[in-house]
Amino acid sequence: MTSPSHGSRDLDRAIALNRQGQHYAAIEVLRRILSEDPENADAHSILALALVGAKRIHAAQREAEIGLLLAPESPLAHHAMAWALIAHRRPLEAKSHVEQCLAFDPQDVDALCTQAFIASLDHRVEEQARSLKKAREAEPNNPAVLTACGYFALTQGQVDHAWQDAHAALGVMPEHQEALVLMGRILLRRGDLEGAREHAIWALRQDPSDPGALGLLCSIKARQSWSLGLWWRWQALVGSGGPLRATLLLVGVFLAYQVVSLVLHDANQGQASRLLDVAWLGFVIYTWIAPRKFTQMLARELQQVQLRPGY
């Protein structure tokens, strides 16, 4: 999140709270600021970002529009509008606001990270990598940049690089919400279930409704579950290295099944061929049912979240 041009101590506090995942606390601070200064464009824009984090996307867009109306040349206002549009699943419109931010400042790391995120939605890996590289060159110790780089490395199967980025981000800001979840996912990938759980709990203490932290906790439970453990490992294997690797792996497994089936058929191994067909059918059914079970598990975790009245 870009720091406001005429920031106050309260605005800085709201930014810090939002970075830590404490979106509702940030919203309260910003409401107090706006009650005293209703035309504070920076406060409206930061409030929009906090509301996006709190999943109140319609209110977020209204605040982003107010911020942009009050300060049409503010990079912060354009950045807030970009995230409001992303939340509404309008990435192309969001991209134009990110480009406005970068027109004002080509080294705006928040805009560069947002640009990388938008590129990731369409699996434009090279564009994502370029944006993150520019952000890292501009601010190598920014925890948000380090976290974004860590997530990118993890999707590419570079677990050690991801760990280094997450460790560096938490070294700068131990309460950084996304860095906590990232480190948890890395530890889970490495098989350290207890360490992953500690990071998930830490993140949930800061924001009990954070989907990333809840998803991490569900992934830990899935890894421990006899019925979902194999699916989780399969997903970790398929998801490492990006969509191209996933596609090649899936095609490779299917071709291997076809080749072995033909070999068994040619060798008159009818029983073995039938067992292989049953195993393949079981694999297909399992990979269809397991994600639904995981989604149900996540839904149960979300139902346990209780927010204070008024939110």
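All of these numbers come straight from a predicted model, not from anything done at the bench.

## A few points about the environment of D192
Tracing the backbone through its elements, the reader meets D192 in the loop between α11 (177-189) and α12 (193-206). Since its relative accessible area comes to 34%, D192 is described here as partly exposed. Remark: the alpha-carbon pair of D192 and I220, spanning 28 residues in sequence, is separated by 9.7 Å.

## A word on the packing of aromatic side chains
Aromatic rings in a pair are described by how distant their centres are and how their planes are angled relative to each other. Taken as a whole and assessed by the stated rule, the structure comprises one aromatic pair. Ring plane angle 40° and centroid distance 5.1 Å describe the contact between W83 and F117, whose orientation is recorded as tilted. With W83 in helix α5 (residues 75-87) and F117 in helix α7 (residues 109-121), this residue pair connects regions lying 34 residues apart in the sequence. Residue F117 is classed as partly exposed on the basis of its relative accessible area of 34%.

## Points about α7
For α7, which comprises 13 residues, the first-to-last C-alpha distance of 19 Å matches the rise-based estimate of 18 Å (1.5 Å per residue) to within 8%. Among the residues of α7, those classed as buried are V109, D110, A111, L112, C113, T114, Q115, A116, I118 and A119. Looking at the packing, one finds that the buried side of α7 touches α1 (9-19), α5, α6 (91-104), α8 (125-138) and α9 (143-155). One or two residues past the end of α7 sits H123, with phi positive at roughly 60°.

## A word on the pattern of salt bridges
A full pass over the atoms with the stated rule returns six salt bridges. A salt bridge links D160 to R190; its shortest N-O distance comes to 2.9 Å. A residue pair is termed long-range when its members are at least 10 positions apart, and D160 in helix α10 (residues 159-172) and R190 in the loop between α11 and α12 qualify at 30 residues. Connected through shared salt-bridge partners, D122, R124 and E127 make up one network.

## As for the nonpolar core
Counting residues in each nonpolar core, the largest one holds 47 residues, and the members touching the most others are I27 and L30. Apart from the residues within four sequence positions on either side, L30 is in contact with L11, A14, A43, I46, L47 and A50. V159, A162, L180 and A200 belong to the second-largest nonpolar core, a separate cluster that totals 25 residues.

## Focus on the environment of I86
Considering the arrangement of structural elements, one finds I86 in helix α5. The spacing of I86 and I57 is 29 residues in sequence and 9.5 Å in space, taken between C-alpha atoms. When neighbours within four sequence positions are excluded, I86 is seen to be in contact with A94, T114, F117 and I118.

About the criteria used
Residues numbered from 1 in each chain as written. Predicted model: local features only at pLDDT ≥ 70, side-chain atom pairs only at ≥ 80, totals over all residues. Heavy atoms only, no water. Helix = DSSP H or I, 4+ residues; strand = E, 2+ residues; numbered from the N terminus. Buried < 20%, exposed > 50% of the residue type's maximum accessible area, 1.4 Å probe, protein only. Phe/Tyr/Trp six-rings, centres within 6.5 Å; stacked < 30°, edge-to-face > 60°. Expected span 1.5 Å × (residues − 1). Contact = heavy atoms within 4.5 Å. Salt bridge = Lys/Arg side-chain N within 4 Å of Asp/Glu carboxyl O. Core = buried A, V, L, I, M, F, W, Y, C linked by side-chain atoms within 4.5 Å.

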